[in-house]
Amino acid sequence: MANAPSAGWAAADPRVLALAAQVTESKEQDIPLLLLKLKGILNSASLGSEESKKIKQDVYNYDLTQYCMLVLRQDHSRLRGGWATAAQLAEILSHCCVGLEVKEDPEEFHNKFLPSAIDNLLFLGRRLQARFIRTIKDEEKHDFLHWFQTVADAICWLFGGHIQLATCVLQNDHFLQLLITDDTETAIITMSILHSIFRVNSSVLLRVDEETLHSILDELVYKLSSTTNPVIGNAATKLLLLVAKFCKQLVKLLTTRYKGLKGLLSKEWTGKGFDRDLGQLLDLLYLEQSNGKGEMQVLKFNETFRQHQAACIIQATWRGFQTRKRLKKLPQAVTTLQRSFRAKREQELQHLKKQKEDESLKLQMQLQRQRAMRLFHERQLAVLEIIHASQVNKYMEEMEGKSALTIQRFWRGYRARRNFHQQRQSLKEYKAAVVIQRAACKFLEKRRRRRPLSPWKDPKGLTDERRLALQQKVDDYIKLHPASQMSEEMSKELHVQAQKKLAEFLLRSRLDQRAAQRRETLMAQVNTDVELLMNAPGLAEATEKDLDVFLSRSIPVATKARQSHNTMLKYTRWPWWKKLGAEFEEDDVIPDDALHAELGTLFIGGNKSF
């Protein structure tokens, strides 16, 4: 920690003094947002000017850089501002430390403060990398990657201003953890940090211990062997080329420790877009391997490499030609795509227009139906007002009958159309079968006409043997089934018995018919009396004519006589074939069907309950 400000610092920047006072008096969770004000204070002066150095000196003297370094260790997911504030504080810390000239106790600044700042920055980078890998949403991944890039730039800016920090970066465990990752994007950023270290301080590899050097080289070679991403391959190849160019000892280490590296580079990474750097690295590796074996292998390798380069150029030319050819056809494809899209959009618009028209038509039909129903009810009410009250029931019955007929007519029409649609397929099949049968019959008729007539052949007659066999069968059947024989006297006697039984049956039936006739006549008389009694007026209103109706039977008797006379006339006019069974009947007997036909109109006002 820097010492407390002394009286000699009276000329300090008032903005820094005010900010230091606010940080001292504020709560811990509010400090990160307050420290962001340092960015505006630093940007107010031009870079490298005396004013900028003075501001950085004041910031360090009032321990604001210490606050920035300590805040980087906190979990910013629970603080205000989040990880974006942490990335900005990392950038502020690196800018405050570069160009700073510490006059009091510089050893503490260079040996303790700066290594701690590098460690905190790398720790923050590890946290951002882990959250970037775990995040699923694209927007959040983009934000974490941007903040990780900001922290990496701050690290590069810091060891670019203090070269001795490159060794601290390489030997830091957090940096090795950042480098050992399967994520492509963060690995590229980490290798860019390593590339900056090699360019800023090329002798740093000789100052690190052997274990750290081997770990870095192992990871670079592993990335070349485990991935096919050309960006990672290019970055790893450039790093190995810088290592090989710096020191021959490291080239020897690459050839002895990684014996399959040359084959891996030539087979897997040739023609991936960085053949120049790859060729230089392979030249250095093969040159180291060919020391003491003569120059023939070097020449052979160079020839092979030139052939590889020529093949890559040919492939690139051919691919460029194919790409340009496809690009020429692209406008036609775009036109076709636009045409199909517009046609599809037009179809959708037509479909929507048709749907709207159908809905509007349906609504109009519904409105017309409601209007017609309303007019019908109004007309019906007007008619009911005109019609007399005694005729309303009759009118309603007529309307109900007409309505029922209309409903039945529409239902039968609907059912007939439905049946017709259902039977249309079977009707088509039937017509098709008729056509096929007609064609087949015509075809067979033509074949029969074309076929030559066979000569006439006399029918074959029965032979004597066949005739004798048939005669023998007939005789055997007669023997097995002999016919019954009856004399003429027995036949006459049987006939007489049948005639007697028939006469007895007819006599009994005639008596039964007369008894039934009498019963029906009595029932008719009873019904007539009942009808007369029902229609008779009261005793107070009775007249002599009403009494004559009950005292005289002339009207029913006259009606019965007239009907019986008409029935006999009809019977006498019958044809002869209707009277075939009348020889056992008397002349005054009336047939049953005529009797039953006339009894229905025997009485006036009676009930036909037969």
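Further up the page is the structure itself.
This report concerns the structure included in the present document.

### A short note on the overall build of the protein chain
On a plain count of helices and strands, the protein chain comes out with 24 helices and zero strands. In the protein chain, which comprises 610 residues, the share counted as buried stands at 28%. When contacts within the protein chain are restricted to residue pairs at least 6 apart in sequence, long-range pairs at least 24 apart make up 72% of them. For the protein chain, the computed accessible surface area is about 43,100 Å², with 57% contributed by carbon and sulfur atoms.

### Notes on a positive patch on the surface
Judged by side-chain charge, Arg438, Lys442, Lys446, Arg447 and Arg450 come together as a positively charged surface patch. Topologically, Arg447 is positioned in helix α19 (residues 392-450).

### Examining the pattern of salt bridges
With the rule as written, the count across this model stands at five salt bridges. With a closest N to O distance of 3.0 Å, Asp464 and Arg467 form a salt bridge. In this pair, Asp464 and Arg467 are both assigned in helix α20 (residues 464-480), three residues apart and thus about one turn of the helix distant. In this structure, Glu488 and Lys492 form a salt bridge, with 3.7 Å as the shortest nitrogen-oxygen distance. Placement of the pair is Glu488 and Lys492 together in helix α21 (residues 488-535), with a separation of four residues, close to one helical turn. In terms of burial, Glu488 and Lys492 fall into one category: exposed.

### Some details on the side chain of Thr567
Within the fold, Thr567 resides in helix α23 (residues 554-572). A polar side-chain atom of Thr567 sits 2.8 Å from the main-chain carbonyl oxygen of Gln563.

### Focus: the packing of aromatic side chains
If you walk through the whole model with that rule in mind, you get four aromatic pairs. Seen from their ring centres, Trp318 and Phe321 are 5.6 Å apart, and the 35° between their planes marks the pair as tilted. With Trp318 and Phe321 both in helix α18 (residues 296-386) and three residues apart, this pair spans about one turn of that helix. Here Phe321 falls in the partly exposed class, since its relative accessible area comes to 39%.

About the cut-offs
- Residues numbered from 1 in each chain as written.
- Predicted model: local features only at pLDDT ≥ 70, side-chain atom pairs only at ≥ 80, totals over all residues.
- Heavy atoms only, no water.
- Helix = DSSP H or I, 4+ residues; strand = E, 2+ residues; numbered from the N terminus.
- Buried < 20%, exposed > 50% of the residue type's maximum accessible area, 1.4 Å probe, protein only.
- Contact = heavy atoms within 4.5 Å.
- Areas by Shrake-Rupley, 256 points an atom, 1.4 Å probe, with all protein chains shown as cover.
- Patch = residues over 30% accessible without salt bridge, like charges linked within 9 Å, V, L, I, M, F, W, Y side chains within 5 Å.
- Salt bridge = Lys/Arg side-chain N within 4 Å of Asp/Glu carboxyl O.
- Lys, Arg positive; Asp, Glu negative; His and termini not counted.
- Charge placed at Lys NZ, Arg CZ, Asp CG, Glu CD.
- Polar contact = N/O pair within 3.5 Å; in protein donor to acceptor, adjacent residues only side chain to side chain.
- Phe/Tyr/Trp six-rings, centres within 6.5 Å; stacked < 30°, edge-to-face > 60°.

Nothing here speaks to function; it is all geometry.
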